[in-house]
Structures are given as structure tokens and as C-alpha cells.
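Descriptive analysis of the structure
Read off the chains here:
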Amino acid sequence: MAGPSAPQEFLKAENVGLRMRLQQSVIDAQVLLARAGIEAEQRETADRLQKLIVEELHHRIKNTLATVSAIASQSLRTATDLEHGQQAIEGRLLALGRAHDLLLQAQWSSASLAHIVQGATEPYDSKGDGRISIQGADLRIVSGAVIALAMTLNELCTNTTKFGALSVPAGRVEIAWTVDSGNERLHLTWTEKGGPAVTAPTRRSFGTRLIETLGKQLNGTVETAYDSKGFIYALDVPLNSLKPPE
């Protein structure tokens, strides 16, 4: 009896061991499949993110190139000579570059309105003599509004140094803004004082059309006044055109 039972016990033990190995193999396979599923999901998420980044980059490049093209063509069209056109293009492209620097620092999400104003006006007040005063509560605004405001302020600074308040030693510029919480709007004013008497131009320059167009891009209104005491620019825009979504 002992003889036949030994193989049976051996086979029984082998069956138990085989069953345990099979069970472990199933568990290992399930773990591997789960890991593969996670990795596949991660790869799919990474691929979608990369696609979104490339599409967003493509969109921003197209917008920037369109802006540069408009700046070049319009600046040359209204220039009195080639040198004047070149200076106008260089100034506007530098302003566009400074706006992009601000957005890069803010990771292209939103930027401080106060920093935008300071960055746009600093090259024209490099001596730091306080000829440009800035006053207003800080507000973070979206990338599209950053570029629009930076370009607008560059045009205003360029004009005032050539023809307005900053073209004479006693002149100064006051930039101020307030937020109308009830109506959800931003009111920004540029007021020149102490400069030469100003009169309305006989023709609308590209710079004038630009600041009006940029205001409309923000769904706002732009008003300009050629007062005898100094030029005044007023921008009124809804906050939802400026503030990033919450």
C-alpha cells in the first residue's frame, strides 16, 4: 500500500504547487495589465497635453505674426520717409517684445496691470524724475489684454514725447484707473499736463487708429480729447474682457 500512495501524494503536491503558481501568475498578469493600463493612460494624457501645447503655440505665433505684419505695413504706409517708418516699426516691435516679456514672467496666464503700465512707460521716464505718475488698484489681466494695453501705452508715450507733455521739461503725464464694481468695468485715463497747447490732428494717423482698435478688441470704448491744457485719453472696458476666468 505504501508504494502506490507515494506517487499519488507526489502528484497531489505537484497539483497544489501548480495551482498556486497559476494563481500567482494570474495575479502577476493582473498587476502588469493594471500597470500597462496606467502607463497607457498617462501616455494618452501626455499626448493630448502635447497636442494642446503645440496648437496653442501655433495660435500665438500666428497672432504675433499677424500683429507684426500689421505694424510693419501700417507704419510704412503712414511714414513721411523710410527712416521715420523704420523708427516707428522698431518702437512698436520693442513694445510688443516688452509685453511678451511680461507674459513670459507670468507664464502666459495673466499679468499685473500696474506692472504693465510701469513696463510700458519706464523707457520714456528713464530718469525717474516722476514725470509719469501711476495710480490705481492692482488687477490681474489676461494675456490678450496685456498686449493691447502695452501697445496702446507705447503709442501714447511715443506721441507725448514727440508732440505732447513730455516734449517739454515742465510737462507730465498722469495715468490712473478705477474699477467700477457695480457695473463691472475698468476706467483708465491718460492725462497730459504742463505741455504745449494741443490741437486735433488734421488726419488720423496709424497710432490713433491703433489705440482705438485695441480698445475695441477689449469690447470697450475709447475717447480722446485734444484739450488746450493737454491731450486726454480715456478707456472704458468691461472687466470680463480683462480678468482671467475664476
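What follows deals with helix α3 (residues 113-121). Of all the positions in α3, only L113, A114, I116, V117, A120 and T121 are classed as buried. Each buried residue of α3 sits inside an arc of 160° when the element is viewed along its axis, so together they form one side. Looking at where α3 begins, the residue whose side-chain oxygen comes 3.3 Å from the main-chain nitrogen of A114 is S112.

A separate point is the environment of S143. Position of S143 among the secondary structure elements: in helix α4 (residues 143-162). Accessibility expressed as a relative area gives 15% for S143, which makes it buried. Residues S143 and A111 lie 32 residues apart in sequence; the distance between their C-alpha atoms is 7.2 Å.

Bringing the sheet that holds strand β4 (residues 172-180) into the picture now. Taken together, five strands build an open sheet; the order of strands is β2-β4-β5-β7-β6 and the sheet is mixed. Strand pairing shows two members of the sheet lacking a second neighbour, β2 (132-135) and β6 (221-227), which therefore form its edges. Between one strand axis and the next, the sheet turns through 10° on average, direction left out of account. Across seven bridges, β6 lies against strand β7 (residues 230-238) in antiparallel orientation.

It is worth spelling out the pattern of salt bridges at this point. Applying the stated rule across the entire model yields three salt bridges. Across the pair R172 and E174 runs a salt bridge, and its minimum N-O distance is 3.8 Å. Using a relative accessible area of 38% as the deciding quantity, one classes R172 as partly exposed. A salt bridge links D236 to R185, with the nearest nitrogen and oxygen atoms 2.4 Å apart. In this pair, D236 is assigned in strand β7 and R185 in strand β5 (residues 185-193), connecting sequence segments 51 residues apart. Overall, the relative accessible area of 15% leaves D236 in the buried class. The exposure class of R185 is partly exposed, given its relative accessible area of 23%. Within the structure, one salt-bridge network assembled from shared partners comprises R172, E174 and K193.

Attention now goes to the nonpolar core. What tends to happen in soluble globular proteins is that the nonpolar side chains get buried as a cluster. Ranked by internal contacts, the top residues of the largest apolar core, which has 37 residues, are I141, W190 and L242. Among the secondary structure elements, those contributing two or more residues to this core are α3, α4, β4, β5, α5 (206-217) and β7. It is α4 that provides the largest number of residues to this core, a total of 10 residues. The residues contacting W190, other than those within four sequence positions of it, are L153, L156, C157, T160, V173, E174, I175, F231, I232 and Y233.

Relative to the assigned elements, T161 resides in helix α4. Given a relative accessible area of 31%, T161 falls into the partly exposed group. Filtering out sequence-adjacent residues up to four positions away, T161 remains in contact with Y124, L166 and S167.

Within the secondary structure layout, E155 lies in helix α4. Dropping the residues within four chain positions of it, E155 is found in contact with R92, G207, L210 and I211.

Criteria and thresholds
Residues numbered from 1 in each chain as written. Predicted model: local features only at pLDDT ≥ 70, side-chain atom pairs only at ≥ 80, totals over all residues. Heavy atoms only, no water. Buried < 20%, exposed > 50% of the residue type's maximum accessible area, 1.4 Å probe, protein only. Helix = DSSP H or I, 4+ residues; strand = E, 2+ residues; numbered from the N terminus. Arc of directions from axis to C-beta. Polar contact = N/O pair within 3.5 Å; in protein donor to acceptor, adjacent residues only side chain to side chain. Pairing = 2+ DSSP bridges. Axes fitted to C-alpha atoms, helices over the stretch in contact; angles between N-to-C directions. Salt bridge = Lys/Arg side-chain N within 4 Å of Asp/Glu carboxyl O. Core = buried A, V, L, I, M, F, W, Y, C linked by side-chain atoms within 4.5 Å. Contact = heavy atoms within 4.5 Å.

Read these as spatial facts, not as claims about activity.
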